[in-house]
Amino acid sequence: MGEVNTFMQSIPLEYFITLCSVLFCLGVLGVLVRKNAIVILGCVELMLNSVNLLLAAFAAYNGNSDGQLLVFFIMVVAAAEVAVGLAIIAMLYRNTRSVDVGIFNKLKG
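On a predicted model such as this, the values are computed, not experimentally measured, just so you know. (Residues numbered from 1 in each chain as written. Predicted model: local features only at pLDDT ≥ 70, side-chain atom pairs only at ≥ 80, totals over all residues. Heavy atoms only, no water.)

Let's talk about the overall build of the protein chain
Right, so step 1: Along the backbone of the protein chain there are 4 helices and 0 strands.
Right, so step 2: Each helix and strand of the protein chain, placed in order from N terminus to C terminus, yields the pattern α-α-α-α.
Right, so step 3: For the protein chain, buried positions account for 23% of its 109 residues.
Right, so step 4: When the accessible surface of the protein chain is summed, it comes to about 7500 Å², and 70% of that surface belongs to carbon and sulfur atoms. (Helix = DSSP H or I, 4+ residues; strand = E, 2+ residues; numbered from the N terminus. Buried < 20%, exposed > 50% of the residue type's maximum accessible area, 1.4 Å probe, protein only. Areas by Shrake-Rupley, 256 points an atom, 1.4 Å probe, with all protein chains shown as cover.)

Some points on the UniProt feature "transmembrane region" (unreviewed entry) in the protein chain
Right, so step 1: Under the local residue numbering, the UniProt record ascribes the feature "transmembrane region" (unreviewed entry) to residues 15-33, 38-61 and 67-93.
Right, so step 2: Structurally, residues 15-33 comprises 100% helix and 0% strand, and the distance from its first C-alpha atom to its last is 27 Å.
Right, so step 3: Secondary structure across residues 67-93 divides into 100% helix and 0% strand, with the first and last C-alpha atoms of the span separated by 38 Å. (UniProt positions renumbered as here; feature names shortened; annotations may be inferred.)

What to know about the side chain of Ser98
Right, so step 1: Positionally, Ser98 belongs in the segment after helix 4 (66-96).
Right, so step 2: At 3.1 Å, the side chain of Ser98 and the backbone nitrogen of Asp100 are in polar contact.
Right, so step 3: Not counting residues up to four positions away in its chain, the partners in contact with Ser98 are Leu92, Tyr93, Ile103 and Phe104. (Polar contact = N/O pair within 3.5 Å; in protein donor to acceptor, adjacent residues only side chain to side chain. Contact = heavy atoms within 4.5 Å.)

A look at helix 4
Right, so step 1: Across its 31 residues, helix 4 extends 44 Å between first and last C-alpha, which sits within 8% of the 45 Å expected from 1.5 Å per residue.
Right, so step 2: All of the buried residues in helix 4 are Gly67, Val71, Ala78, Gly85, Ile89 and Leu92.
Right, so step 3: Against the buried residues of helix 4 lie helix 3 (37-62).
Right, so step 4: Positive backbone phi, at 60°, marks Arg97, one or two positions downstream of helix 4. (Expected span 1.5 Å × (residues − 1).)

What follows is the structure, encoded as structure tokens:
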């Protein structure tokens, strides 16, 4: 019963932390630099998935499934966020014929 997470535990935890930090920083950089709304949503998903990977790694190293359960709920919320975000982008594209977030300043009123 203790042999369940041996593959995850064979990789040092520092590797997971480094990988997740790099992925999260790439996501933040993409959100701050890019102007395309679809790319920005993709970068937000990259940040959420890096946190999910880190939670799963910590759960595997601790030997409990609490982190994996939290990952499941985060994935459900992320799927709902993508659905709502893409619907908003589709409606904005119908009005402006662009997904450039710089154009959306006109919506301030």
